[in-house]
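Each chain is listed here by its residues.
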Amino acid sequence: MRHPSLASVEWQNLRQLSLSETVYNIFLSLPFLSLSWWSAWQGWWLLALVATFFFFTAALRQAHDCYHRTLGVSKVATELMLFLLSITMLCSTHAIRHTHLNHHIDPLGDSDVEGNWARLPWYQAILGGGLFSIAIQWFGLTHGSHRNRMLVGFDLLLIFAVIATAFITMHPVLMYHVLVMILANIMVGFFAVWSVHHGCDDVVYARSERHPLINLLTFNLLYHIEHHLFPAVPTNHLPTLAKRLDAAAPQWTQQPVIPLLASVNQYQESRVTEKSNAHPHHFDI
């Protein structure tokens, strides 16, 4: 049941995607994946790592939109997209879908395997990232429907095939991709769960970022309280939803994902206000 304070927030008209938005959603991660592989082939490792970061972040958004059927494609296309993402991200997105939807049913509750990672201290959330990745996929494999368990099993076969091919052929690009994806899956619990839920309670159970550059670099994934309150709204439209939420129910959006940036921004705004008050403009008539 939606909280009464959200009754005045308009969101239904944000559910629809244009054709261009759907195409954007489908191909979002592909340029970064191509750049990371090409850079690795050239031996430009720093560029490869930067491209890989953006690939994994973009792919994370795509998978997330698939979980909530907000990518803009059919059910069959959504399943195919999840298989492709499982192969490239080297994690079972079908398993994570089940765990993530359970996270939405009981955010930060006792049964929330995903969200409860945010209750750990930051250093434990980082150091135990491998356990997090295994736990959420194991939960999806063992608690999902029979159909979903079959999909997870197929995911795991595809992932095993990619990893086996990498180690058999020792192809440098494939080996690079496997190693950095393992690292990315270890870190995802901290960046995608802990950062947006730590320090929250069972009422306002997620954070939201307002820094435009951070949201650009993370493909709008950090508008997280907006997503939890209105999961049917595609990620494309979360910035618009955030403005409406700030205007209608600002009590939901007072916890930033990166508090330091919010503090700096508030300090700069206060300095501007002080200067304005100290040097008022005078107009001669």
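Residues numbered from 1 in each chain as written. Predicted model: local features only at pLDDT ≥ 70, side-chain atom pairs only at ≥ 80, totals over all residues. Heavy atoms only, no water.

**Focus on the layout of surface pockets**
The method is simple in principle: a probe with the dimensions of a water molecule rolls over the atoms, and the space it marks as empty is what remains.
Link 1 in the chain: In this structure, the largest pocket spans a volume of roughly 1000 Å³.
Link 2 in the chain: In terms of lining, the largest pocket is formed by 48 residues, of which the most central are Phe-56, Leu-60, Val-188, Phe-191 and Ala-192.
Link 3 in the chain: Contributing elements (two or more residues each) for the lining of the largest pocket: helix H3 (45-67), helix H5 (93-105), helix H7 (129-143), helix H9 (172-197), helix H10 (212-217) and helix H11 (224-229).
Link 4 in the chain: The element best represented in the lining of the largest pocket is H9, accounting for 14 residues.
Link 5 in the chain: Of the residues belonging to the lining of the largest pocket, the class tally is 32 nonpolar, 15 polar and one charged. (1 Å grid on protein atoms, 1.4 Å probe; cavity = no way out; pocket = protein on both sides within 12 Å on 5 of 7 lines; lining within 4 Å. Points joined across faces, edges and corners; volume = space filled by probe spheres on them. Helix = DSSP H or I, 4+ residues; strand = E, 2+ residues; numbered from the N terminus. Nonpolar A, V, L, I, M, F, W, Y, C, P; charged D, E, K, R; others polar.)

**A few points about the pattern of salt bridges**
Side chains that differ in charge, positive against negative, can pair when their charged atoms come close.
Link 1 in the chain: Under the defined criterion, the tally for this structure stands at five salt bridges.
Link 2 in the chain: Salt-bridge contacts for Arg-61 lead to Asp-65; the nearest nitrogen and oxygen are separated by 3.7 Å. Of the two residues, Arg-61 and Asp-65 are both situated in helix H3; the distance of four residues between them amounts to about one turn of the helix.
Link 3 in the chain: Since its relative accessible area comes to 3%, Arg-61 is described here as buried.
Link 4 in the chain: Assessed through its relative accessible area of 2%, Asp-65 is described here as buried.
Link 5 in the chain: Where Arg-97 meets Glu-79, a salt bridge forms, and the shortest distance between an N and an O atom there is 3.0 Å. Here Glu-79 lies in helix H4 (residues 75-89) and Arg-97 lies in helix H5, a separation of 18 residues in the sequence.
Link 6 in the chain: The class of Glu-79 is buried, set by a relative accessible area of 10%.
Link 7 in the chain: The network of salt bridges with common partners includes Glu-79, Arg-97 and Arg-147. (Salt bridge = Lys/Arg side-chain N within 4 Å of Asp/Glu carboxyl O. Buried < 20%, exposed > 50% of the residue type's maximum accessible area, 1.4 Å probe, protein only.)

Any functional reading would require information that these geometric values do not contain.
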